[in-house]
Each structure stands twice: as C-alpha cells, then as structure tokens.
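Listed below are the residues making up each chain.
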Amino acid sequence: MTKLPFGKANYTLMIVGVVVILLGFFIMSLDKEEFGFGALGLTVGPLIVFSGFIIEFFAILRRTGQDSQSNQ
C-alpha cells in the first residue's frame, strides 16, 4: 500500500478549511446591498474566507504524529 503524503488529521483539517471557505463565499452572497457593499460582503464574508485559508495553511504544514516521532 502506498503511503499518503498527509495523515488523517491533515485531510480532516483540509476538508474543514474548504467548508469554511465555501461558507465565507455563501455569506458574501447573502449581502443585500448593491454590488455587495454591505457588512456581510465587505467584512464578515472575507474574514471567514481568510480564516479558511489559514486553516488550509496549517493543514498542509502540520506534521503527523508518526513523522514527528521518526525524526527524533
């Protein structure tokens, strides 16, 4: 069996990050102001999308428990 490049926790965090990003875009689409210039379109939605990308960043850089033990 081939070894996957990430552990289960990494893939779980990646899925959570994608869901958070999609949630942020959905929240931006809920803005009723013209051209999305309300609070949801300019502040809340982008902050949630940004937090989703931060989660993705940590999901990629997080070491699995097995890898960190083998390096010691």
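Presented here is a report on the structure given in the accompanying data block. (Residues numbered from 1 in each chain as written. Predicted model: local features only at pLDDT ≥ 70, side-chain atom pairs only at ≥ 80, totals over all residues. Heavy atoms only, no water.)

## Section: unusual backbone geometry
Heads up, the rule is: The classification of residues rests on relative accessible area computed with a 1.4 Å probe and restricted to protein chains. Under 20% of the type maximum is buried, over 50% is exposed, and intermediate values are partly exposed.
Residue phenylalanine 35 is not a glycine yet carries a positive backbone phi of 60 degrees. According to the relative accessible area criterion, phenylalanine 35 is exposed, its value standing at 69%.

## Remarks on helix H1 (residues 8–29)
Quick reminder of the rule: Secondary structure elements follow DSSP: runs of H or I of four or more residues count as helices, runs of E of two or more count as strands, with numbering from the N terminus. To estimate how far a helix should reach, multiply one less than its number of residues by 1.5 Å. Comment: arc refers to directions from the helix axis out to C-beta atoms. The contact definition used throughout considers only heavy atoms, calling two residues in contact when any of these lie within 4.5 Å.
Taking 1.5 Å per residue, 22 residues should reach 32 Å; H1 reaches 32 Å between its end C-alpha atoms and fits that length. Those residues of H1 lying buried are Asn10, Met14, Gly17, Val20, Ile21, Gly24 and Ile27. Down the axis, H1 shows its buried residues gathered within 150 degrees of arc, on one side only. Structural note: H1 exposes Lys8, Ile15, Val19, Leu22 and Phe26 on the side pointing more than 90 degrees away from its buried face. Buried residues along H1 sit in contact with helix H2 (39–61).

## A closer look at the packing of H1 against H2
Convention followed: To define axes, lines are fitted to C-alpha atoms, for helices over the stretch in contact only, and angles between the resulting N-to-C directions are given on a 0 to 180 degree scale. The cut-offs work like this: below 35 degrees is roughly parallel, past 145 is roughly antiparallel, 65 to 115 is roughly perpendicular, and the gaps in between are oblique. Nonpolar residues are Ala, Val, Leu, Ile, Met, Phe, Trp, Tyr, Cys and Pro. Charged residues are Asp, Glu, Lys and Arg, and all others, Gly as well, are polar.
The interhelical angle for the contact between H1 and H2, taken along N-to-C directions, is 170 degrees, at an axis separation of 8 Å. It follows from the interaxial angle that H1 and H2 lie roughly antiparallel. Considering only residue class, the contact of H1 with H2 consists of 17 nonpolar, seven polar and one charged.

## With respect to the side chain of glutamate 56
The test is simple: A positive count includes Lys and Arg, and a negative count includes Asp and Glu. His and the chain ends are not counted in either. Note on definitions: salt bridges are taken to be side-chain nitrogens of Lys or Arg within 4 Å of carboxyl oxygens of Asp or Glu.
Secondary-structure assignment places glutamate 56 in helix H2. Within the buried core, glutamate 56 has no salt-bridge partner, and the shortest N-O distance to an opposite charge, that of arginine 62, equals 13 Å. Here glutamate 56 is in contact with Leu13, Met14, Gly17, Val18 and Ile21, once residues within four sequence places are set aside.

## Brief notes about the side chain of aspartate 31
Looking at the element boundaries, aspartate 31 is found in the loop between H1 and H2. As a buried residue without a salt bridge, aspartate 31 has its nearest oppositely charged side chain in lysine 32, at a separation of 8.3 Å. Not counting the four nearest positions on each side in its chain, aspartate 31 is found in contact with Gly36, Phe37, Gly38, Ala39, Leu40 and Gly41.

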